[in-house]
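# Structural features, examined
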Amino acid sequence: MDEATQDENGFWKDANGVAISVSASDLERHAYCPLSWKLAKEGHDGKGEAITAGIDKHQKIHDKIESFHNRSIDSRREIAVWTWTLSIVIIFLIDSFAFVYLEDDYLGISGDGFGSQEIGSLDSGWYHLTMYDTQGDGWNGTDLIMIDENNNLVAGPFELINGTEEKITFRLGSDCGGCLVIIRGVSLDSIEISWALSATDFVPPKELGKFLVMLSASVLFVSILMIALPWRERFGWNEPEIEQNNVVQTFDQKIFKPVWQTVDFVGGWISGGRIEGFALLSSIVIMIHGVSLYVADNRQQAALVLALVALLWLIISSSQLFKVLRSIAAREKLSLELGIDYSTKINYSDDSKESSILSDEEIGLRGRPDQIVIIDGSFIPVEQKTGKIPTDPHLSHKIQLLAYIHLIESSTGTKPPYGALRYGADVAFPIEWNDENRNLLMENIQEVQRLTIQGGAKRNHQQRGKCRNCSRKHVCNDSLS
Ligand code: SF4
């Protein structure tokens, strides 16, 4: 240490050029009283009810801050799930209304009795054939077929098995030129038989149901492959893009769980992220949709089934909405208790155990703030203080906070406009990060480094009250109290 010298900027460095280490807490103690800093350096811990109560309060604040942050994530997750379930309700309802209200295109083609009837050319597509029987006993073996101009069978045979009316849907695979409808009669009375033809753009519920079930199976298969195989690696895609930011990397991942997947999630063998989750859920919804349509015999039934499924999803969605409201209420309660805005984003909270320390090796400064919050896109350090609320922030607290502001600036490369000193839940002092405060911080760092090298720390005040409240008065020979 004797060989330590000051560099061109005034910071003290040892013989190896390593800056003399100074913590933000060192700066706080030194600014309170240099003798208190010296005693702490010599290993004398602070004592007193204020210290014990302070540690306890500090831990409670951390717990609440952590809880607030986790509630924020819960809220976002619950809202995402609720939005998803509500979207499903809306999709099912739209389908249901479409099945009821979309009109078929009546072609004005109809006929009755036995024999054949030219109906002109029909385009390929879906058609409805409505068969009538005035006696109400079906066609009794009589049937209807459609042939084209080359006598090829293009649709049928269709028969009304019983009752007075039945509507069936069929598809013409190709255009039918010179189409002919033939009623092949075997029943005794041809007068009771008639029919009408209409075109529809609507795929019949059963056909649509079959398609959706197959689509669902395909999506499920792809989802399983996506989970089983390291496809991201093959495509050279690591998601999401992680912003290279030391503070985020150091704190965010360690303490708080993200909404859907960890920020360092890169996929791999037997692993899934939000894309795989979305694909699996989609396959389930498509499957439900498909099965609902498949069991329906006609459009009215399909509409009813879809409406019932929508009602079921609405119940699920309502219970999800309840969770959303409960989560928001819990978050609001915590924001009131903590005295912070409901929308505040907490990037990090010091739990005194796991958190990494920020440092600036160039000047030897290190420390960790109580919290880092994100306000208007800037990382803002927050230092919580317990005990009596002052009318102005104490100088020692201010210098400690300035140290954190500098550490965030040097770690992230972005300048926090200010930091916040909080006393209790209701009082917060913003401390601006300007040249004057920067100089104040640097002077204090250099002074603590000098005292570390040269010694000579002394009481710098004549205030009895300060000594009375000092946590190291029990080992101080220069105390005024
Ligand atoms: S008791 Fe007074 S002089 Fe001693 S360390 Fe504390 S504040 Fe400084």
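The sections below set out a description of the structure shown in this document.

What counts as what
- Residues numbered from 1 in each chain as written.
- Predicted model: local features only at pLDDT ≥ 70, side-chain atom pairs only at ≥ 80, totals over all residues.
- Heavy atoms only, no water.
- Helix = DSSP H or I, 4+ residues; strand = E, 2+ residues; numbered from the N terminus.
- Buried < 20%, exposed > 50% of the residue type's maximum accessible area, 1.4 Å probe, protein only.
- Axes fitted to C-alpha atoms, helices over the stretch in contact; angles between N-to-C directions.
- Parallel < 35°, antiparallel > 145°, perpendicular 65-115°, else oblique.
- Left-handed = near helix turned anticlockwise from the far one by under 90°.
- Nonpolar A, V, L, I, M, F, W, Y, C, P; charged D, E, K, R; others polar.
- 1 Å grid on protein atoms, 1.4 Å probe; cavity = no way out; pocket = protein on both sides within 12 Å on 5 of 7 lines; lining within 4 Å.
- Points joined across faces, edges and corners; volume = space filled by probe spheres on them.
- Core = buried A, V, L, I, M, F, W, Y, C linked by side-chain atoms within 4.5 Å.
- Contact = heavy atoms within 4.5 Å.
- Pairing = 2+ DSSP bridges.
- Near = heavy atom within 4 Å.
- Sits in = over half its atoms within 2 Å of the grid points.
- Salt bridge = Lys/Arg side-chain N within 4 Å of Asp/Glu carboxyl O.
- Phe/Tyr/Trp six-rings, centres within 6.5 Å; stacked < 30°, edge-to-face > 60°.

The linkage connecting Gly 156 with the following residue, Pro 157, adopts the cis geometry, with an omega of 5 degrees. Relative to the helices and strands, Pro 157 is located in strand E8 (residues 153–158). Despite not being glycine, Asn 140 has its phi angle at roughly 50 degrees, a positive value. You can see Asn 140 is positioned in the loop between strand E6 (125–133) and strand E7 (143–147). The class of Asn 140 is partly exposed, set by a relative accessible area of 43%.

The next thing to look at is the packing of helix H4 (residues 205–228) against helix H7 (residues 274–294). The N-to-C vectors of H4 and H7 enclose an angle of 160 degrees; their axes lie 7 Å apart at closest approach. Viewed along their axes, H4 and H7 adopt a mutual orientation that is roughly antiparallel. As for the relative orientation of H4 and H7, their crossing is left-handed in sense. By residue class, the composition of the contact of H4 with H7 is 17 nonpolar, six polar and three charged.

Turning our attention to empty space enclosed by the protein. In total, this model carries one cavity of 30 Å³ or more according to the counting rule given. Size it by volume and the largest cavity reaches roughly 100 Å³. Along the walls of the largest cavity sit 14 residues, with Cys 33, Ser 36, Cys 467, Cys 470 and Cys 476 positioned nearest its centre. Residue assignment for the lining of the largest cavity shows that the elements contributing at least two residues are helix H2 (34–41) and helix H11 (464–468). With three residues, the top contributor of residues to the lining of the largest cavity is H2. Each residue belonging to the lining of the largest cavity can be placed in one class, and the counts come to seven nonpolar, three polar and four charged.

Here the focus is the nonpolar core. The biggest cluster of nonpolar side chains holds 30 residues, and the ones touching the most others in it are Leu 27, Leu 365, Leu 441 and Ile 445. Sorting the residues of this core by element identifies helix H1 (24–32), helix H9 (395–412), strand E17 (418–423), strand E18 (427–432) and helix H10 (435–454) as the ones contributing at least two each. The element best represented in this core is H9, accounting for eight residues. Judged by nonpolar contacts, the second largest core, of 23 residues, contains Ile 109, Phe 170, Cys 176 and Ile 193.

The next point concerns the environment of Pro 416. Considering the arrangement of structural elements, one finds Pro 416 in the loop between H9 and E17. The buried category is assigned to Pro 416, whose relative accessible area is 1%. Those residues in contact with Pro 416, other than ones at most four positions away along the chain, are Phe 379, Pro 381, Ile 405, Ile 408, Glu 409 and Trp 433.

Let's shift gears to the sheet that holds E8. Two pairing modes exist for strands in a sheet, parallel and antiparallel, and in both the strands are linked by backbone hydrogen bonds. Taken together, four strands build an open sheet; the order of strands is E5-E10-E7-E8 and the sheet is antiparallel. Looking at the sheet topology across the chains shown, the edges are occupied by strand E5 (115–122) and E8. Ignoring strand direction, the axes of neighbouring strands in this sheet form an average angle of 15 degrees. Both E5 and strand E10 (residues 176–184) contribute to a ladder of six bridges, which runs antiparallel. Its bridge partner lying in E10, Gly 120 is registered against Cys 179.

Around the ligand, the neighbouring residues are Cys 33, Leu 35, Ser 36, Arg 459, His 461, Cys 467, Cys 470, Lys 473, Cys 476, Asp 478 and Ser 479. Among the cavities detected, the one that contains the ligand is the largest cavity. Residue composition of the shell around the ligand, by class: five nonpolar, three polar and three charged.

Turning our eyes to something else, we now look at the pairing of E8. Direction of pairing for E7 relative to E8: antiparallel, over a ladder of three bridges. Among the inter-strand pairings, Leu 144 is bridged to a residue of E8, identified as Phe 158. Connecting E7 to the next strand, E8, in antiparallel fashion are five residues, including Asn 151 with a positive phi near 65 degrees.

Under the criterion given, the structure shown has nine salt bridges. Close ionic contact of Arg 29 with Asp 26 constitutes a salt bridge, the shortest N to O distance being 3.6 Å. Highlighted residues: Arg 29 and Asp 26, both in helix H1, separated by three residues, approximately one helical turn. Through salt bridges with shared partners, one network takes in Asp 7, Lys 13 and Glu 362.

Once that is clear, we can look at the environment of Asn 434. Considering the arrangement of structural elements, one finds Asn 434 in the loop between E18 and H10. The class of Asn 434 is partly exposed, set by a relative accessible area of 23%.

Moving on to the packing of aromatic side chains. Evaluated as defined, the whole model comprises four aromatic pairs. Here the aromatic rings of Trp 84 and Trp 313 are separated by 6.1 Å at their centres, their planes lie at 85 degrees, and the arrangement is edge-to-face. Here Trp 84 is found in helix H3 (residues 49–101), whereas its partner Trp 313 is found in helix H8 (residues 299–338), with 229 residues between them in sequence. Where Tyr 127 meets Phe 170, the ring centres are 5.9 Å apart and the plane angle is 20 degrees; that geometry is what we call stacked. Of this pair, Tyr 127 sits in strand E6 while Phe 170 is found in strand E9 (residues 165–172), placing the two residues 43 residues apart along the sequence.

These values are about where atoms sit, not about what they do.
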